[in-house]
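Now for the letters of each chain:
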Amino acid sequence: MAAGVVLANGSFPSNKISGHKGDVNWCSFSPVDRQLVTASGDKTVRVWDIAGDTPTQLQILQGHKYYVNCAVFSPIGDLLATASSDFSVKLWSTETFTEIATLQAQGGVKYCSFTLDGAILAAASADNLVYVWEVSSLRLLKKLKKHNQSVLTCAFAPCGWMLASGDSDGELIIWDIHAGNALHYKTVHDMGINCLLFLTTRDHSQDQHTLISAGSDSIIQIWNIASNATGVHGSYRVTMVKERSLTGHHASVCNCSLSQDNKLLASVSNDKSVIIWSLETYSILRVFNAHDRFITCCCFSADTRLLATSSTDYTAKVWHLTEEQANVPQRLTPSAPPVVSGMTDLVNPPPWESQVLLWLKDLVAQQQQKQQANMSQHQYDMSLVAKITSLTSQLSTDAPGQQDFCCPITQLRMVDPVVAAGMNKMCVISSVVVCIASLFNVCDCKK
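Definitions and cut-offs
- Residues numbered from 1 in each chain as written.
- Predicted model: local features only at pLDDT ≥ 70, side-chain atom pairs only at ≥ 80, totals over all residues.
- Heavy atoms only, no water.
- Helix = DSSP H or I, 4+ residues; strand = E, 2+ residues; numbered from the N terminus.
- Buried < 20%, exposed > 50% of the residue type's maximum accessible area, 1.4 Å probe, protein only.
- Contact = heavy atoms within 4.5 Å.
- Areas by Shrake-Rupley, 256 points an atom, 1.4 Å probe, with all protein chains shown as cover.
- Disulfide = S-S within 2.5 Å.
- Salt bridge = Lys/Arg side-chain N within 4 Å of Asp/Glu carboxyl O.
- Pairing = 2+ DSSP bridges.
- Axes fitted to C-alpha atoms, helices over the stretch in contact; angles between N-to-C directions.
- Phe/Tyr/Trp six-rings, centres within 6.5 Å; stacked < 30°, edge-to-face > 60°.
- pLDDT = per-residue confidence, 0-100.

Q: Help me get a handle on the overall build of the chain, residues and values and all.
A: What the chain contains, in helices and strands, is three helices and 28 strands. When burial is assessed residue by residue, the chain has 53% of its 447 residues classed as buried. Long-range contacts, defined here as pairs at least 24 residues apart, represent 49% of the contacts in the chain between residues at least 6 apart. For the chain, the exposed area adds up to about 19900 Å²; of that, 51% sits on carbon and sulfur atoms.

Q: Would you mind going over the state of the cysteines in detail, with residue names and values included?
A: Disulfide: a covalent bond formed between the sulfur atoms of two cysteine residues. Per the stated rule, a full pass over the model turns up zero disulfides. Cysteine C70 shares no disulfide, and the gap to the nearest cysteine sulfur, in C112, comes to 4.2 Å. Exposure remark for C70: the relative accessible area of 0% places this residue in the buried category.

Q: Give me the lowdown on the pattern of salt bridges, citing residues and values where you can.
A: One pass over the structure, following the stated rule, counts four salt bridges. Between K90 and E99 there is a salt bridge, with its nearest N and O atoms 3.1 Å apart. For K90, a relative accessible area of 7% puts it in the buried group. Of the residues examined, E99 reaches a relative accessible area of 37% and is grouped as partly exposed. Between E134 and R139 there is a salt bridge, with the nearest N and O atoms lying 3.8 Å from each other.

Q: Describe the pairing of strand 9 (residues 99-104), naming the residues involved and giving the relevant values.
A: Bridging between strand 8 (residues 88-93) and strand 9 involves five bridges; their strand directions are antiparallel. Residue pairing for strand 9: S88 is matched across the bridge by Q104. Between strand 8 and strand 9, which pair antiparallel one after the other, the connecting turn spans five residues, and F97 there sits at a positive phi close to 55 degrees.

Q: Can you break down the sheet that holds strand 15 (residues 162-167) residue by residue, with the values?
A: Ordered in space as 14-15-16-17, the four strands form an open sheet in which the pairing is antiparallel. One side of each edge strand has no neighbouring strand; the edge strands of this open sheet are strand 14 (151-156) and strand 17 (181-187). Neighbouring strand axes in the sheet, compared pairwise and without regard to direction, differ in orientation by 20 degrees on average. Inspection of the sheet shows strand 14 paired to strand 15 by five bridges, in the antiparallel sense. The residue of strand 15 that forms the bridge with V151 is D167.

Q: A description of the packing of aromatic side chains should follow, citing residues and the corresponding values.
A: Here the structure, examined in full by the defined rule, presents three aromatic pairs. Taken together, a centroid distance of 5.4 Å and an interplanar angle of 55 degrees make the contact between W26 and Y111 tilted. Here W26, found in strand 2 (residues 24-29), pairs with Y111, found in strand 10 (residues 109-114); they are 85 residues apart in sequence, far enough to count as distant. Judged by its relative accessible area of 12%, W26 falls in the buried class. Note on Y131 and W133: the rings are 5.7 Å apart at their centroids and 10 degrees apart in plane angle, and the pair reads as stacked. For W133, a relative accessible area of 4% corresponds to the buried category.

Q: Would you mind going over the sheet that holds strand 8 in detail, with residue names and values included?
A: Pairing within the open sheet is antiparallel, and its four strands lie in the order 6-7-8-9. The sheet is open, and its two edges are formed by strand 6 (68-73) and strand 9, each paired on a single side. On average, adjacent strands in this sheet sit at an angle of 20 degrees to one another, irrespective of strand direction. As paired strands, strand 6 and strand 7 (residues 79-84) are joined by five bridges and run antiparallel to one another. When the bridges of strand 7 are listed, A71 appears paired with T82.

Q: Break down the confidence of the model for the chain for me, with residues and values.
A: Close inspection of predicted coordinates is inappropriate in any region flagged by low pLDDT. Per-residue pLDDT for the chain has a mean of 79; in total, 66% of the residues score no lower than 70. Here residues 437-447 scores under 50 on pLDDT; set against residues more than four positions off or in separate chains, the count is eleven contacts.

Q: How would you sum up the side chain of Q221? Please name residues and give values.
A: If you trace the backbone, Q221 turns up in strand 20 (residues 219-229). Not counting residues within four places of it along the chain, the set of residues in contact with Q221 comprises V188, H189, L211, I212, S213, K242, R244 and S245.

Q: I'd like a description of the environment of C154, backed by residues and values.
A: Looking at the secondary structure, you find C154 in strand 14. Classification of C154 as buried rests on a relative accessible area of 0%. Taking the C-alpha atoms as reference, C154 lies 9.4 Å from I173; in sequence the two are 19 residues apart. Ignoring anything within four residues of it in the chain, the contact list for C154 reads Y111, S113, A122, A123, A124, L163, A164, S165 and L196.

Structure below.
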């Protein structure tokens, strides 16, 4: 366990951070100062002073045009990189918190990561690419092409030349960034890979690494990765063996964080819980509910005495890991799966869902009337389009501004504004409409 930190029984004391006007997608501690940054769907990044008893807002960083998905400090804390759905990564000076540069991608950027020396920056993009830049010159070094789906996360190994990336289809790829080659690729989660972390303090050589992957299948995997030079300059052969699977969450694992000494792992999930694991025994040390809505990110402070979490409830929290008791922390068993907000409740549906149900009944009645009145298919199709347009317009204006939606297939939050405004309502509706319309067409063909 991290030195000086004992996870006492009972609830952790916490400070709530409010101010964002959208989902808080990310939180990250500065490695050198008592500062925390939060990134939000309101297009801003906010800097907080956490040295006192109450977090104080220091700066609001503006410049992104869409959701800010990620904000990470360079290893020595002199730079802050922010990744956004507006197809860009911005670099900021942490001394003045002014923008230094904008790095362009060709898709929404979900995540970015520095090498341990801070010389290289990689970004995971929705255009199926991983971008690699040299930080000092801002020069684009590589566009890594192998993924067939949106790249959600990436992480550099301690050696510096190895990069891991994961996509929304659950495929993990190990890259040699100097050669630009995919050295190993494998589907490691049934659904998307949301987080990748390399352990940095174990006694690894350049050829041995430990990688943690967290997925939308609610599982955390631990991998041993070995690389061997093939005799050709810059060419390696990589093997990957699963060491352990960690199960405890009941929904998509959104993010993980390692303590500085790599003895503790924190994970957060769409089940609204935080789990703190021992990486020495692979056991659960603590489980607690942190927010009322989905938890998007977590981060240990450099001294492991604080844990920050962020959520789609528009807030972040800083949890104080106490050292009041010297006993070994009690292992807690995860509770039963909580109800995930945003899923349809047909017993007592919210107003917009009631409208959908009524409309579906009306759709069936229209189909029967069509058959009785011999309405042409074109006339019926135009009537259907008009009804969908009217319903879409009403939902886009009446829908509440803050509501989680968890995709029933991938278990991912539908939050990307580039996809569509109001997607959290219409993706379910459109799927039902297509299925019913297709069914009616089949019935017509049979007649």
